[in-house]
Amino acid sequence: MFSSSSAVARSAICTAIASINEVHVIFWGEHNNIDITPFQKLVRKTLSFLSGELKSESNLQRFYVEFQDWRETLEEDDSLAWRITELCFASLSSAVDCLFDPECDDLSLIENTLFGLYEEMDELGADSEPLKEYWSALKDEWQEQLNGKAQRPLPQLFFRTLNESDASLFGLER
């Protein structure tokens with residue numbers, strides 16, 4: 001599990017989970033003819049806020065409310081694609097919640113959900129062991145980069161590492 005104690009570091013890791021898996025949300029949106037722009041905008045705004053480029057909390061809050069309103073209109077389904085998409089949504093929501101509520105800490109819940117999805121993939125015949133190793137390596141790297149960081153802006157190395165990750169946590173190329 002995570003050892004990040006600062007709300008900003010927890011927000012960064014949650015945002016990274018949503019961002020690195022965005023390809024799944026894109027796939028799900030295309031498959032269901034759903035415009036995912038509210039998700040994409042909030043990912044970008046949250047990353048900009050964490051990097052210090054976006055300074056306005058009210059601007060971030062506005063995109064968060066738009067995302068939450070949009071999310072409420074979506075119909076759940078019983079597919080793995082939906083559950084991965086929902087993990088991304090939950091991660092992004094938690095990312096913003098952490099920024100405005102320092103007590104918010106959903107990381108263990110999010111990681112448990114991630115491992116539940118890996119188990120489901122195994123049941124469907126996939127081998128999730130390499131994915132678990134990839135996740136562990138990314139998590140360790142992100143934690144090291146964010147260790148002791150309690151304020152924005154976060155180190156550029158964190159954003160570079162995120163951008164250079166060439167696959168989602170579920171093995172799709174980004």
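Residues numbered from 1 in each chain as written. Predicted model: local features only at pLDDT ≥ 70, side-chain atom pairs only at ≥ 80, totals over all residues. Heavy atoms only, no water.

### Quick look at the overall build of the protein chain
Of the regular secondary structure elements, the protein chain holds eight helices and zero strands. The order of α-helices and β-strands along the protein chain, N terminus first, is α-α-α-α-α-α-α-α. Relative to a compact globule of 174 residues, whose C-alpha radius of gyration would be 16 Å, the protein chain shows 15 Å and is just as compact. For the protein chain, the spread of C-alpha atoms along the principal axes amounts to about 45 × 35 × 30 Å. (Helix = DSSP H or I, 4+ residues; strand = E, 2+ residues; numbered from the N terminus. Rg over C-alpha atoms; globule rule 2.2 N^0.38 Å.)

### Re the pattern of salt bridges
If charged atoms from side chains of opposite charge come close, those side chains can pair. Per the stated rule, a full pass over the model turns up seven salt bridges. Among the salt bridges present, the one from Lys-139 reaches Glu-111, with a minimum N-O distance of 3.0 Å. You can see Lys-139 sitting in helix α7 (residues 129-146) and its partner Glu-111 sitting in helix α6 (residues 107-123), a full 28 residues away along the chain. Residue class for Lys-139 comes out buried when judged on its relative accessible area of 9%. The structure contains a network of salt bridges with shared partners spanning Asp-78, Arg-83 and Glu-120. (Salt bridge = Lys/Arg side-chain N within 4 Å of Asp/Glu carboxyl O. Buried < 20%, exposed > 50% of the residue type's maximum accessible area, 1.4 Å probe, protein only.)

### Details of the environment of Gly-29
Relative to the assigned elements, Gly-29 resides in helix α2 (residues 22-31). Measuring from C-alpha to C-alpha, the distance between Gly-29 and Trp-82 comes to 9.6 Å, with 53 residues separating the pair along the chain. When sequence neighbours within four positions are dropped, the list of residues in contact with Gly-29 reads Ile-34 and Ile-36. (Contact = heavy atoms within 4.5 Å.)

### Re unusual backbone geometry
Cis peptide bonds are those with omega within 30 degrees of zero, and the linkage from Arg-152 to Pro-153 qualifies with -5°. Inspection of the secondary structure assignment puts Pro-153 in the loop between α7 and α8 (156-164). In the Ramachandran plot, Asn-33 falls in the positive-phi region, its phi being about 55° despite a non-glycine side chain. Mapped onto the fold, Asn-33 is located in the loop between α2 and α3 (37-51).

### Section: the environment of Phe-67
You can see Phe-67 is positioned in helix α4 (residues 57-72). Put simply, Phe-67 and Ser-93 are 26 residues apart on the chain and 8.7 Å apart in space, counted from C-alpha to C-alpha. Aside from chain neighbours lying at most four places away, what touches Phe-67 is Pro-38, Phe-39, Leu-42, Phe-89, Leu-92 and Ser-93.

### Looking at the environment of Gln-40
With respect to the helices, strands and loops of the structure, Gln-40 is situated in helix α3. Measuring from C-alpha to C-alpha, the distance between Gln-40 and Gly-171 comes to 20 Å, with 131 residues separating the pair along the chain. Look past the residues within four positions of Gln-40 in its chain and what remains in contact with it is Glu-22 and Ile-26.

### Comments concerning the packing of α3 against α4
Contact pair α3 / α4: the axes reach a minimum separation of 9 Å and the direction vectors enclose 155°. Taken together, the axes of α3 and α4 are roughly antiparallel relative to one another. The two elements α3 and α4 meet at a crossing, and its hand is left-handed. Contact with α3, carried on its side by Pro-38, Phe-39, Lys-41, Leu-42, Lys-45, Thr-46 and Phe-49, involves Glu-57, Asn-59, Leu-60, Phe-63, Tyr-64, Glu-66, Phe-67 and Trp-70 of α4 and no other residues of that element. Across the contact of α3 with α4, the residue classes break down as nine nonpolar, two polar and four charged. (Axes fitted to C-alpha atoms, helices over the stretch in contact; angles between N-to-C directions. Parallel < 35°, antiparallel > 145°, perpendicular 65-115°, else oblique. Left-handed = near helix turned anticlockwise from the far one by under 90°. Nonpolar A, V, L, I, M, F, W, Y, C, P; charged D, E, K, R; others polar.)

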